[in-house]
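A closer look at the structure
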Amino acid sequence: MKNSNENKFLSPGHNACAGCGQLSAAQAVMRGLNENIIIANATGCLEVTTTAYPQSAWGLPWIHSLFENAAAVASGILASLKQKGDKKTKVVVQAGDGGTFDIGLGLISGMWERGENILYICYDTEAYSNTGIQASGSTPYGASTTTTPDGSASIGSTQGKKDMLAIALAHGVKYVAQTTTGFPDDITNKVKKALSVEGPSYIQILCPCIPGWKINNDQAVMMGKSAVQTALYPLLEYSDGQLISSSLKKGFQARPAGEYLKNQGRFKHLKDKDISLIEKLAQANIDKYKI
Ligand SMILES: Cc1ncc(C[n+]2csc(CCOP(=O)(O)OP(=O)(O)O)c2C)c(N)n1
């Protein structure tokens, strides 16, 4: 697909893993942005693979922040824009799931509580990918990570994924959406919608990670699709707290969860009874998000 914005805001030639799901998602995000944007980026894979000194792949004003404080940096940028009387420029945060679900959560909460007009994008690889695949609050049940390894007495992570969408909704975030690397146009459209919202917005994108998920480097998009088809990570959209779109429409037939799980090394140790438990999580999503 030809798109004039494709390389305008994020150049190709990054040093992420070949086939990285997060970088594909970031390209789709960039296609939804425009010139009137300032980005605050938490550290993580997206930052370190695009800003190797002395170069930068970013074609928009882009500010490094720490792992934990991207939301507060964004609030500071917004305050200075207000001071200058600039109503046109939108502030966008980019962070991984570790930076969002765990270490940055307090400052995100403050930003949302203040109702600030900031778009927050979480690239959800379901682990701390950049530092070697440690489990995060987003790691799903049964996933093997370096801090939740599988073994004779362990099925990997025994915790369920934290419900970040519910946390955003509880703060009254005006536009809340979930999407995956499997649906790049859905990502771009949701980013465009979020930009048109006056107030806080949150988009969470499932980004298959080649080494973290132990998948081949041509499988990220397929895994992003499979997550949606199995109902384990539906496409969702809330406006003012109301579910306005969902991939779990009437008549939706979920593909078996095993199709998604068995193709990933991080789940390959799971037994049929573990997979049945995960099927129940998919069913719970269907019950909760059907539209
Ligand atoms: C306070 C602090 N703790 C730990 C680190 C080390 N660190 C840098 S990036 C990172 C992992 C980032 O994980 P995530 O936010 O999920 O992004 P990903 O790399 O998965 O895209 C960690 C632990 C740090 N920079 N600062």
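What counts, and at which threshold
Residues numbered from 1 in each chain as written. Predicted model: local features only at pLDDT ≥ 70, side-chain atom pairs only at ≥ 80, totals over all residues. Heavy atoms only, no water. Pairing = 2+ DSSP bridges. Helix = DSSP H or I, 4+ residues; strand = E, 2+ residues; numbered from the N terminus. Axes fitted to C-alpha atoms, helices over the stretch in contact; angles between N-to-C directions. Buried < 20%, exposed > 50% of the residue type's maximum accessible area, 1.4 Å probe, protein only. Polar contact = N/O pair within 3.5 Å; in protein donor to acceptor, adjacent residues only side chain to side chain. Contact = heavy atoms within 4.5 Å. Salt bridge = Lys/Arg side-chain N within 4 Å of Asp/Glu carboxyl O. Right-handed = clockwise from strand over helix to strand, strands pointing away. Expected span 1.5 Å × (residues − 1). Phe/Tyr/Trp six-rings, centres within 6.5 Å; stacked < 30°, edge-to-face > 60°.

**As for the sheet that holds strand β3 (residues 90-96)**
- If you walk across this open sheet you meet the 8 strands as β2-β1-β3-β4-β8-β7-β9-β10, and the pairing is mixed. Only two strands of the sheet have a single neighbouring strand rather than two, namely β2 (62-64) and β10 (242-246). Sheet twist, expressed as the mean angle between neighbouring strand axes with direction ignored, is 20°.
- Bridging between strand β9 (residues 236-239) and β10 involves 4 bridges; their strand directions are antiparallel. Along β10, the bridge assignment pairs E237 with S245.

**Re the side chain of T50**
- Residue placement: T50 occurs in the loop between α2 (45-48) and β2.
- Residue T50 is classed as buried on the basis of its relative accessible area, which comes to 4%.
- Polar side-chain contacts of T50 include one of 2.6 Å to the backbone oxygen of L46.
- Apart from residues lying up to four places away in sequence, T50 is in contact with L10, H14, N15, L23, Q55, S56, A57 and W58.

**A short note on the pattern of salt bridges**
- For the coordinates displayed, the defined rule picks out 12 salt bridges.
- We note a salt bridge from E116 to R114, for which the minimum N-O separation is 3.0 Å.
- Relative accessible area serves as the criterion here: at 13%, E116 is assigned to the buried category.
- Residue E259 pairs with R255 through a salt bridge whose shortest N-O separation is 2.6 Å.
- What you see here is one network of salt bridges that share partners, running through D124, E126, K161 and R266.

**Points about the pairing of strand β7 (residues 175-180)**
- For β7, a buried count of 6 out of 6 residues is recorded, marking the element as mostly surrounded by other parts of the structure.
- Sheet analysis places β7 next to strand β8 (residues 201-206), joined by 6 bridges and oriented parallel. Looking at the pairing, Q178 lines up with Q204 of β8.
- Handedness of the crossover joining β7 and β8 through helix α7 (residues 184-195) is recorded here as right-handed.

**Concerning the environment of D185**
- Of note, D185 is situated in helix α7.
- On the basis of relative accessible area, D185 is assigned to the partly exposed category, the value being 43%.
- Between the C-alpha atoms of D185 and K262, which are 77 residues apart in sequence, the distance is 27 Å.

**Digging into helix α1 (residues 21-32)**
- With 12 residues, α1 extends 17 Å from end C-alpha to end C-alpha; this agrees with the ideal 16 Å at 1.5 Å per step.
- Most of α1 sits inside the fold, with 11 of its 12 residues counted as buried.
- Within the span of α1, buried status applies to G21, Q22, L23, A25, A26, Q27, A28, V29, M30, R31 and G32.

**Thoughts on the packing of aromatic side chains**
- Tallied over the entire structure, the rule returns 5 aromatic pairs.
- When the centroid spacing of 5.4 Å and the interplanar angle of 80° are considered together, the rings of W112 and Y202 count as edge-to-face. Taken together, the residues span a long stretch of sequence, with W112 in helix α5 (residues 105-113) and Y202 in strand β8 at a distance of 90 residues.
- Judged by relative accessible area, W112 falls into the buried class, the value being 2%.
- With centroids separated by 6.2 Å and ring planes inclined at 85°, the aromatic side chains of W213 and Y260 adopt a geometry described as edge-to-face. Remark: Y260 occurs in helix α10 (residues 257-261) and W213 occurs in helix α8 (residues 210-213); sequence separation between them is 47 residues.
- By relative accessible area, which is 1% here, W213 ends up buried.
- Here Y260 falls in the buried class, since its relative accessible area comes to 5%.
- Aromatic ring contacts, followed pair by pair, group W112, Y120 and Y202 into a single cluster.

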